[in-house]
Amino acid sequence: MKIIASNFKTNHTRKSTKEFISCVEEFLENKNISNDIYIFPPSTALDSFNTKENLTIGVQNAHYVKNGSYTGEIGTEQLDEFGIKTILIGHSERRHILGETQKEIALKFNYYKSLGYKIIYCIGEPLEVKEQGLTETLGYIWEQFDGIDLSYENMIIAYEPVWAIGTGVSATLEDIQKVHKKLKKKLQKPLLYGGSVKVANISEILDIENVDGALIGTASWDVEQFKQIIEIASKK
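Calculation rules
Residues numbered from 1 in each chain as written. Predicted model: local features only at pLDDT ≥ 70, side-chain atom pairs only at ≥ 80, totals over all residues. Heavy atoms only, no water. 1 Å grid on protein atoms, 1.4 Å probe; cavity = no way out; pocket = protein on both sides within 12 Å on 5 of 7 lines; lining within 4 Å. Points joined across faces, edges and corners; volume = space filled by probe spheres on them. Helix = DSSP H or I, 4+ residues; strand = E, 2+ residues; numbered from the N terminus. Nonpolar A, V, L, I, M, F, W, Y, C, P; charged D, E, K, R; others polar. Expected span 1.5 Å × (residues − 1). Buried < 20%, exposed > 50% of the residue type's maximum accessible area, 1.4 Å probe, protein only. Arc of directions from axis to C-beta. Contact = heavy atoms within 4.5 Å.

Draft legend 1. Fine view of the layout of surface pockets. Its boundaries defined by the atoms lining it, the largest pocket holds a volume of some 450 Å³. Along its surface, the largest pocket is lined by 17 residues, and Thr10, Gln60, Asn61, Arg94 and Leu98 are the ones closest to its centre. For the lining of the largest pocket, the leading source of residues is helix H3 (residues 92-97), giving three residues. Tallied by class, residues from the lining of the largest pocket come to six nonpolar, seven polar and four charged.

Laid out in C-alpha cells, this is it:
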C-alpha cells in the first residue's frame, strides 16, 4: 500500500493541527483506509495525539540530544513527553536554506537510529545539478548518504528534487521514473516522491514503478485536499 506523508513546515497552529488530525482520523475510520499516513506538524503543535495505528504523528526536526543548552532546539526529552518516535531528517530546506551540513545530518540520523526512531530521510538535487544530467544527479544524491546506515530497518527515503519543492513545478513523470529506478537498485527501502505533489497529479505519480508513496507539502495543508490525496492513494 502507498505511504502518504504531510509536512506542515511552518504552518498551522496547535488548534488547527488538532482539528486537522481529528478530521483525518475520522476520514480514515469512515473510509476504512489502512494505508500508512504520517503528519509532521510544527513542534509547537506537538501533543499526545491518541491516533489510530496507521496514523503517525512525527517531528519535522530535533537536535541530537536528550536536553541541554541548545537555544531554539528541542530534544528527545520534549519528544518523549508526547510519545513522538518518528522524525524527518535531511529535508532540503534544512540543507539549503538553514545550512545543515551532511556531517550534522549524519550525526542526527545516527542519534535517532540508536533510539529506534522511524526516520523519513530526505534527498534531492538542486536545479543546477539536475541540468547537468542523470549521472550528475545520482552522484549528488549518493553523497547525501555519507554517514547514513542504509541497513537501518526503520527507515523510509523521500526523493524530493529541490527545484520542485514549493515551486508548483513537479518533476516530469519521466524524471521521477528514471531517478526512482536507479535509487531502487541500491536502496531496499520504501521510496517516496516529493515536490509539488497535489490532487491533480498524485494518481499518475503513484502509478510510476518504484514510487511507494508521497511526501507532500503545500497541498497537504488543506485537510480536504489531503483527504482527497489519501483516498486516491488508497485505491492504488
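Draft legend 2. Layout of the environment of Thr10. Looking at where Thr10 falls in the secondary structure, it is placed in the loop between strand S1 (3-7) and helix H1 (14-31). When the C-alpha positions of Thr10 and Leu134 are compared, they lie 32 Å apart, and in sequence the two are 124 residues distant.

Draft legend 3. Up close: H1. Between the first and last C-alpha of H1 there are 26 Å, a value that for 18 residues agrees with the 26 Å anticipated at 1.5 Å per step. Among the residues of H1, Ser16, Thr17, Phe20, Ile21, Val24, Phe27 and Leu28 are the ones counted as buried. Mapping the buried residues of H1 onto a view down its axis gives an arc of 130°, with all of them on the same face. Seen from the open side of H1, the exposed residues pointing more than 90 degrees away from its buried face are Lys15, Lys18, Glu29 and Asn30. Elements that come into contact with the buried residues of H1 comprise strand S2 (37-40), strand S3 (55-57) and helix H9 (223-234). Just past H1, the residue Asn32 takes up positive phi, approximately 55°.

Geometric descriptors of this kind do not, in isolation, establish any biological role.
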